[in-house]
Amino acid sequence: MQNLNDRLGREIDYLRISITDRCNLRCRYCMPAEGVENKNHQDILSYEDILKIVKTGIELGIKKVRITGGEPLVRLGVEDFVSKLNKLGLEDISMTSNAVLLAEKAKKLKEAGLQRINISLDTLDPQKFKEISRRDNLAKVLKGIRAALRVGLEPVKLNVVVMKGINDDEIFDFVELSRREKLSIRFIEYMPLGGEAEAEKFISSSEIKHLIQASFELLPAVSTGNGPATYFKLQGAEGTIGFISAMSEHFCSSCNRLRLTADGKFKPCLAGNQEIKISGMNKKEIEAAYKKALDLKPVCHNLNFENQKYSRNMSQIGG
Ligand code: SAM
Ligand code: SF4
(Lines give C-alpha, C1' and ligand atoms only; values in the text may rest on other atoms or scores of the structure.)
(Ligands and ions follow the chains in the order given, each with its own letter.)
Protein backbone atom coordinates (compact mmCIF):
# COMPACT_ATOMS: atom_id res chain seq x y z
CA MET A 1 0.00 0.00 0.00
CA GLN A 2 1.18 3.50 -0.85
CA ASN A 3 1.45 6.52 1.43
CA LEU A 4 -0.24 9.81 0.58
CA ASN A 5 2.02 12.70 1.53
CA ASP A 6 1.33 16.37 1.03
CA ARG A 7 3.91 18.89 -0.19
CA LEU A 8 5.04 19.45 3.42
CA GLY A 9 5.65 15.74 3.97
CA ARG A 10 2.63 15.21 6.21
CA GLU A 11 1.18 11.73 5.75
CA ILE A 12 -2.54 11.98 4.98
CA ASP A 13 -4.22 8.68 5.81
CA TYR A 14 -7.53 9.84 7.29
CA LEU A 15 -10.63 10.90 5.37
CA ARG A 16 -13.58 12.59 7.10
CA ILE A 17 -16.71 12.03 5.05
CA SER A 18 -19.77 14.20 5.48
CA ILE A 19 -22.71 12.15 4.19
CA THR A 20 -25.35 14.87 4.65
CA ASP A 21 -25.64 18.59 5.23
CA ARG A 22 -28.93 18.08 7.14
CA CYS A 23 -29.27 17.99 10.89
CA ASN A 24 -31.96 17.36 13.50
CA LEU A 25 -30.40 19.90 15.93
CA ARG A 26 -29.55 23.60 15.48
CA CYS A 27 -26.56 24.09 17.80
CA ARG A 28 -25.88 27.78 18.29
CA TYR A 29 -22.13 27.48 17.68
CA CYS A 30 -22.64 25.53 14.46
CA MET A 31 -25.48 27.10 12.54
CA PRO A 32 -27.98 29.96 12.65
CA ALA A 33 -31.47 29.45 14.20
CA GLU A 34 -33.15 29.04 10.83
CA GLY A 35 -30.59 26.37 9.88
CA VAL A 36 -28.62 26.56 6.65
CA GLU A 37 -30.10 26.13 3.23
CA ASN A 38 -30.07 22.43 2.40
CA LYS A 39 -28.45 21.35 -0.83
CA ASN A 40 -30.69 19.75 -3.44
CA HIS A 41 -30.74 15.95 -3.34
CA GLN A 42 -29.14 15.73 -6.77
CA ASP A 43 -26.13 17.73 -5.50
CA ILE A 44 -25.44 15.27 -2.65
CA LEU A 45 -23.00 12.46 -3.37
CA SER A 46 -24.65 9.05 -3.60
CA TYR A 47 -23.31 6.30 -1.33
CA GLU A 48 -21.97 4.59 -4.48
CA ASP A 49 -20.01 7.74 -5.41
CA ILE A 50 -18.58 8.00 -1.89
CA LEU A 51 -17.55 4.34 -1.91
CA LYS A 52 -15.79 4.87 -5.25
CA ILE A 53 -13.89 7.86 -3.81
CA VAL A 54 -12.92 5.89 -0.69
CA LYS A 55 -11.83 2.85 -2.74
CA THR A 56 -9.51 5.01 -4.82
CA GLY A 57 -8.32 6.73 -1.65
CA ILE A 58 -7.39 3.38 -0.09
CA GLU A 59 -5.27 2.53 -3.13
CA LEU A 60 -3.47 5.85 -2.68
CA GLY A 61 -2.94 5.54 1.09
CA ILE A 62 -6.16 6.35 3.00
CA LYS A 63 -6.44 3.94 5.93
CA LYS A 64 -9.11 5.40 8.20
CA VAL A 65 -12.43 7.14 7.71
CA ARG A 66 -14.83 9.04 9.94
CA ILE A 67 -18.45 9.47 8.92
CA THR A 68 -19.96 12.81 9.85
CA GLY A 69 -22.61 15.31 8.75
CA GLY A 70 -24.66 17.51 9.40
CA GLU A 71 -25.99 14.64 11.41
CA PRO A 72 -24.98 11.37 9.74
CA LEU A 73 -27.77 9.33 11.36
CA VAL A 74 -30.49 11.33 9.59
CA ARG A 75 -29.41 9.98 6.18
CA LEU A 76 -31.34 6.85 5.24
CA GLY A 77 -29.32 3.69 4.66
CA VAL A 78 -26.34 4.72 6.78
CA GLU A 79 -26.08 1.21 8.29
CA ASP A 80 -25.83 -0.37 4.84
CA PHE A 81 -23.29 2.27 3.80
CA VAL A 82 -21.12 1.37 6.83
CA SER A 83 -21.37 -2.30 5.92
CA LYS A 84 -20.15 -1.57 2.36
CA LEU A 85 -17.34 0.65 3.66
CA ASN A 86 -16.35 -2.18 5.97
CA LYS A 87 -15.72 -4.47 3.01
CA LEU A 88 -13.13 -2.10 1.48
CA GLY A 89 -10.33 -3.05 3.90
CA LEU A 90 -10.01 0.09 6.02
CA GLU A 91 -8.15 -0.03 9.35
CA ASP A 92 -10.67 2.13 11.17
CA ILE A 93 -14.28 3.27 10.65
CA SER A 94 -15.62 5.79 13.13
CA MET A 95 -18.46 8.31 13.30
CA THR A 96 -19.25 11.69 14.84
CA SER A 97 -22.92 12.05 15.80
CA ASN A 98 -25.22 14.02 18.06
CA ALA A 99 -26.70 10.63 19.12
CA VAL A 100 -30.35 11.73 18.94
CA LEU A 101 -31.10 8.68 16.74
CA LEU A 102 -28.37 6.44 18.10
CA ALA A 103 -30.43 4.33 20.54
CA GLU A 104 -32.34 2.84 17.61
CA LYS A 105 -29.32 2.45 15.30
CA ALA A 106 -26.33 1.55 17.51
CA LYS A 107 -26.68 -2.24 17.30
CA LYS A 108 -27.04 -2.32 13.51
CA LEU A 109 -24.14 0.11 13.08
CA LYS A 110 -21.90 -2.04 15.27
CA GLU A 111 -22.89 -5.16 13.34
CA ALA A 112 -22.24 -3.32 10.06
CA GLY A 113 -18.66 -2.64 11.12
CA LEU A 114 -18.65 0.75 12.84
CA GLN A 115 -15.83 0.52 15.36
CA ARG A 116 -16.28 3.57 17.55
CA ILE A 117 -18.19 6.80 17.92
CA ASN A 118 -17.71 10.40 19.05
CA ILE A 119 -20.86 11.96 20.46
CA SER A 120 -21.44 15.69 20.87
CA LEU A 121 -22.78 16.62 24.30
CA ASP A 122 -22.22 20.10 25.72
CA THR A 123 -24.42 19.93 28.81
CA LEU A 124 -26.03 17.47 31.20
CA ASP A 125 -28.87 19.88 31.93
CA PRO A 126 -32.07 19.39 29.85
CA GLN A 127 -32.99 23.10 29.79
CA LYS A 128 -29.48 24.15 28.78
CA PHE A 129 -29.42 21.44 26.13
CA LYS A 130 -32.56 23.02 24.68
CA GLU A 131 -30.94 26.46 24.73
CA ILE A 132 -27.69 25.34 23.08
CA SER A 133 -29.14 22.97 20.47
CA ARG A 134 -32.53 24.71 20.07
CA ARG A 135 -34.16 21.27 20.46
CA ASP A 136 -35.42 19.35 23.50
CA ASN A 137 -33.49 16.12 23.00
CA LEU A 138 -31.16 15.47 25.93
CA ALA A 139 -33.00 12.31 27.05
CA LYS A 140 -32.62 10.75 23.59
CA VAL A 141 -28.93 11.62 23.48
CA LEU A 142 -28.32 10.04 26.89
CA LYS A 143 -30.13 6.90 25.69
CA GLY A 144 -27.94 6.94 22.59
CA ILE A 145 -24.79 7.10 24.73
CA ARG A 146 -26.00 4.13 26.82
CA ALA A 147 -26.70 2.17 23.63
CA ALA A 148 -23.23 2.94 22.25
CA LEU A 149 -21.63 1.63 25.45
CA ARG A 150 -23.89 -1.41 25.52
CA VAL A 151 -23.15 -2.56 21.95
CA GLY A 152 -19.40 -1.94 22.36
CA LEU A 153 -18.68 1.02 20.07
CA GLU A 154 -15.38 1.49 21.89
CA PRO A 155 -14.15 3.94 22.91
CA VAL A 156 -17.21 6.18 23.22
CA LYS A 157 -15.94 9.75 23.23
CA LEU A 158 -18.01 12.77 24.24
CA ASN A 159 -17.20 16.07 22.51
CA VAL A 160 -17.92 19.04 24.79
CA VAL A 161 -17.56 22.48 23.17
CA VAL A 162 -16.84 24.71 26.16
CA MET A 163 -18.32 28.23 26.10
CA LYS A 164 -17.82 30.88 28.77
CA GLY A 165 -21.05 31.77 30.55
CA ILE A 166 -22.91 28.95 28.83
CA ASN A 167 -21.58 25.57 29.99
CA ASP A 168 -18.23 26.29 31.70
CA ASP A 169 -20.00 25.76 35.04
CA GLU A 170 -20.41 22.08 34.09
CA ILE A 171 -16.74 21.27 33.52
CA PHE A 172 -16.49 19.51 36.90
CA ASP A 173 -19.69 17.55 36.22
CA PHE A 174 -18.11 16.18 33.06
CA VAL A 175 -14.87 15.43 34.94
CA GLU A 176 -16.90 13.48 37.52
CA LEU A 177 -18.66 11.66 34.69
CA SER A 178 -15.26 10.44 33.46
CA ARG A 179 -14.66 9.00 36.91
CA ARG A 180 -17.87 6.94 36.88
CA GLU A 181 -18.27 5.94 33.24
CA LYS A 182 -16.08 4.37 30.57
CA LEU A 183 -16.27 7.51 28.48
CA SER A 184 -13.58 9.70 26.99
CA ILE A 185 -14.65 13.29 27.69
CA ARG A 186 -13.00 15.76 25.29
CA PHE A 187 -13.15 19.46 25.99
CA ILE A 188 -13.07 21.26 22.64
CA GLU A 189 -12.19 24.89 22.06
CA TYR A 190 -15.01 26.94 20.61
CA MET A 191 -14.23 27.93 17.01
CA PRO A 192 -15.63 30.74 14.87
CA LEU A 193 -17.09 28.41 12.27
CA GLY A 194 -20.75 29.11 11.88
CA GLY A 195 -23.53 30.04 14.25
CA GLU A 196 -22.99 32.87 16.68
CA ALA A 197 -19.17 32.75 16.92
CA GLU A 198 -18.75 35.25 19.78
CA ALA A 199 -15.15 35.77 20.88
CA GLU A 200 -16.14 36.50 24.50
CA LYS A 201 -17.38 32.90 24.86
CA PHE A 202 -13.96 31.45 24.02
CA ILE A 203 -12.02 29.57 26.73
CA SER A 204 -8.67 27.98 25.92
CA SER A 205 -7.85 24.36 26.70
CA SER A 206 -5.10 25.48 29.07
CA GLU A 207 -7.59 27.59 31.07
CA ILE A 208 -9.94 24.60 31.31
CA LYS A 209 -7.08 22.31 32.29
CA HIS A 210 -5.83 24.69 35.00
CA LEU A 211 -9.33 25.01 36.37
CA ILE A 212 -9.61 21.22 36.64
CA GLN A 213 -6.11 20.85 38.10
CA ALA A 214 -6.95 23.29 40.90
CA SER A 215 -9.31 20.60 42.26
CA PHE A 216 -8.21 17.28 40.73
CA GLU A 217 -4.93 15.54 39.96
CA LEU A 218 -4.74 14.74 36.24
CA LEU A 219 -2.63 11.70 35.36
CA PRO A 220 -1.38 11.20 31.79
CA ALA A 221 -3.51 8.72 29.82
CA VAL A 222 -3.95 7.39 26.32
CA SER A 223 -6.99 6.90 24.12
CA THR A 224 -7.23 5.39 20.65
CA GLY A 225 -7.92 7.72 17.77
CA ASN A 226 -6.56 9.65 14.83
CA GLY A 227 -6.83 13.08 16.28
CA PRO A 228 -4.97 15.77 18.10
CA ALA A 229 -6.40 15.42 21.62
CA THR A 230 -4.11 15.04 24.63
CA TYR A 231 -5.49 12.72 27.31
CA PHE A 232 -5.48 12.51 31.11
CA LYS A 233 -7.43 10.66 33.77
CA LEU A 234 -8.37 10.87 37.42
CA GLN A 235 -6.82 8.26 39.73
CA GLY A 236 -8.94 5.11 39.53
CA ALA A 237 -11.34 6.58 36.95
CA GLU A 238 -13.20 4.46 34.41
CA GLY A 239 -12.85 7.06 31.67
CA THR A 240 -10.43 9.70 30.40
CA ILE A 241 -10.37 13.47 29.85
CA GLY A 242 -9.03 15.01 26.65
CA PHE A 243 -8.33 18.53 25.40
CA ILE A 244 -8.58 19.69 21.79
CA SER A 245 -7.03 23.08 21.28
CA ALA A 246 -7.53 23.90 17.59
CA MET A 247 -7.43 27.65 18.33
CA SER A 248 -4.82 28.20 21.04
CA GLU A 249 -2.27 25.51 20.18
CA HIS A 250 -3.01 24.30 16.72
CA PHE A 251 -1.76 20.91 15.61
CA CYS A 252 -1.44 21.70 11.89
CA SER A 253 2.14 20.38 11.61
CA SER A 254 0.83 16.87 12.30
CA CYS A 255 -2.39 17.19 10.29
CA ASN A 256 -3.25 13.78 8.81
CA ARG A 257 -6.66 14.45 7.26
CA LEU A 258 -8.66 15.39 4.25
CA ARG A 259 -12.38 16.24 4.27
CA LEU A 260 -15.04 15.25 1.77
CA THR A 261 -18.22 17.36 1.86
CA ALA A 262 -21.69 15.95 1.25
CA ASP A 263 -21.95 17.94 -1.99
CA GLY A 264 -18.82 16.35 -3.39
CA LYS A 265 -15.88 18.65 -2.64
CA PHE A 266 -12.54 17.88 -1.06
CA LYS A 267 -11.67 20.43 1.61
CA PRO A 268 -7.91 20.47 2.19
CA CYS A 269 -8.34 22.39 5.49
CA LEU A 270 -11.21 22.75 7.97
CA ALA A 271 -10.92 26.51 7.96
CA GLY A 272 -9.77 27.25 4.43
CA ASN A 273 -12.10 28.23 1.61
CA GLN A 274 -10.29 26.11 -0.99
CA GLU A 275 -12.42 23.27 -2.40
CA ILE A 276 -11.83 20.69 -5.11
CA LYS A 277 -14.85 19.30 -6.94
CA ILE A 278 -14.88 15.51 -6.95
CA SER A 279 -18.39 14.52 -8.05
CA GLY A 280 -19.04 12.75 -11.37
CA MET A 281 -15.41 11.74 -11.92
CA ASN A 282 -13.75 8.61 -13.21
CA LYS A 283 -10.96 6.82 -11.30
CA LYS A 284 -8.09 8.74 -12.93
CA GLU A 285 -9.81 12.06 -12.23
CA ILE A 286 -10.50 11.05 -8.63
CA GLU A 287 -6.79 10.24 -8.17
CA ALA A 288 -5.87 13.63 -9.61
CA ALA A 289 -8.38 15.34 -7.28
CA TYR A 290 -6.77 13.65 -4.22
CA LYS A 291 -3.34 14.88 -5.32
CA LYS A 292 -4.63 18.40 -6.00
CA ALA A 293 -6.33 18.53 -2.58
CA LEU A 294 -3.07 17.50 -0.93
CA ASP A 295 -1.12 20.12 -2.88
CA LEU A 296 -3.55 22.74 -1.61
CA LYS A 297 -3.26 21.80 2.06
CA PRO A 298 -2.04 24.96 3.79
CA VAL A 299 0.82 25.03 6.30
CA CYS A 300 -1.72 26.05 8.93
CA HIS A 301 -5.33 27.15 9.35
CA ASN A 302 -6.31 30.80 9.65
CA LEU A 303 -9.05 30.44 12.24
CA ASN A 304 -9.69 33.53 14.32
CA PHE A 305 -12.68 35.42 15.66
CA GLU A 306 -11.77 38.70 13.90
CA ASN A 307 -11.67 37.55 10.29
CA GLN A 308 -14.77 35.39 9.91
CA LYS A 309 -14.85 34.94 6.16
CA TYR A 310 -15.43 31.21 6.13
CA SER A 311 -17.40 29.78 3.25
CA ARG A 312 -19.15 27.03 5.22
CA ASN A 313 -20.66 26.48 8.66
CA MET A 314 -19.37 23.54 10.68
CA SER A 315 -22.53 21.58 9.80
CA GLN A 316 -21.59 21.88 6.12
CA ILE A 317 -18.03 20.66 6.75
CA GLY A 318 -18.56 17.97 9.37
CA GLY A 319 -16.12 19.09 12.06
N1 SAM B 1 -23.83 16.38 13.98
C2 SAM B 1 -22.71 15.66 14.43
C3 SAM B 1 -22.30 16.08 15.82
O4 SAM B 1 -22.75 17.14 16.27
O5 SAM B 1 -21.54 15.34 16.44
C6 SAM B 1 -21.51 15.71 13.48
C7 SAM B 1 -21.21 17.02 12.82
S8 SAM B 1 -20.66 18.32 13.92
C9 SAM B 1 -20.41 19.65 12.81
C10 SAM B 1 -19.02 17.76 14.35
C11 SAM B 1 -18.41 18.38 15.57
O12 SAM B 1 -18.19 19.75 15.33
C13 SAM B 1 -19.27 18.29 16.83
O14 SAM B 1 -18.54 17.64 17.84
C15 SAM B 1 -19.53 19.73 17.21
O16 SAM B 1 -19.57 19.91 18.60
C17 SAM B 1 -18.34 20.43 16.57
N18 SAM B 1 -18.56 21.85 16.33
C19 SAM B 1 -19.53 22.41 15.59
N20 SAM B 1 -19.41 23.76 15.60
C21 SAM B 1 -18.33 24.05 16.37
C22 SAM B 1 -17.69 25.26 16.77
N23 SAM B 1 -18.13 26.45 16.38
N24 SAM B 1 -16.60 25.17 17.56
C25 SAM B 1 -16.13 23.95 17.97
N26 SAM B 1 -16.68 22.78 17.61
C27 SAM B 1 -17.77 22.82 16.83
FE1 SF4 C 1 -26.07 19.51 14.03
FE2 SF4 C 1 -23.73 18.60 14.89
FE3 SF4 C 1 -24.00 21.14 14.07
FE4 SF4 C 1 -25.16 20.44 16.32
S5 SF4 C 1 -22.94 20.43 15.92
S6 SF4 C 1 -26.11 21.62 14.66
S7 SF4 C 1 -25.71 18.37 15.93
S8 SF4 C 1 -24.20 19.36 12.81
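Residues numbered from 1 in each chain as written. Chains lettered and ligands numbered in written order. Predicted model: local features only at pLDDT ≥ 70, side-chain atom pairs only at ≥ 80, totals over all residues. Heavy atoms only, no water.

The name an unreviewed UniProt entry gives the protein is GTP 3',8-cyclase, with Halanaerobium saccharolyticum as the organism. In the Sequence similarities (unreviewed entry) part of its UniProt record, the protein is described as follows: "Belongs to the radical SAM superfamily. MoaA family." Recorded in UniProt under Function (unreviewed entry), the annotation for the protein is "Catalyzes the cyclization of GTP to (8S)-3',8-cyclo-7,8-dihydroguanosine 5'-triphosphate." (UniProt positions renumbered as here; feature names shortened; annotations may be inferred.)

The next point concerns the site of ligand 1. As a structural note, the neighbourhood of ligand 1 is formed by 17 residues, with Y29, G70, S120, M191 and M314 the closest of them. E71 places a polar side-chain atom, nitrogen or oxygen, 3.2 Å from a nitrogen atom of ligand 1. Contacts to ligand 1 include S120, whose side-chain N or O atom sits 2.5 Å from an oxygen atom. Contact with the protein chains hides 95% of the accessible area of ligand 1, taken as 550 Å² for the molecule alone. Looking at the shell around ligand 1 residue by residue, the class counts come to 6 nonpolar, 9 polar and 2 charged. (Near = heavy atom within 4 Å. Polar contact = N/O pair within 3.5 Å; in protein donor to acceptor, adjacent residues only side chain to side chain. Areas by Shrake-Rupley, 256 points an atom, 1.4 Å probe, with all protein chains shown as cover. Nonpolar A, V, L, I, M, F, W, Y, C, P; charged D, E, K, R; others polar.)

Below, the discussion takes up the sheet that holds strand β7 (residues 219-221). Pairing in this open sheet of 12 strands is mixed, and the strands run β7-β8-β9-β6-β5-β4-β3-β2-β1-β10-β11-β12 from one edge to the other. Edge positions in the sheet fall to β7 and β12 (276-277), since each of these pairs with one other strand and no more. (Pairing = 2+ DSSP bridges. Helix = DSSP H or I, 4+ residues; strand = E, 2+ residues; numbered from the N terminus.)

It is worth spelling out the side chain of K63 at this point. Relative to the assigned elements, K63 resides in the loop between α1 (47-60) and β2 (64-68). On the accessibility criterion, K63 (13% relative accessible area) is buried. A polar contact of 3.3 Å, which involves the side chain of K63, links it to the side chain of N3. In this structure the side chain of K63 is engaged in a polar contact, spanning 3.2 Å, whose partner is the side chain of E11. (Buried < 20%, exposed > 50% of the residue type's maximum accessible area, 1.4 Å probe, protein only.)

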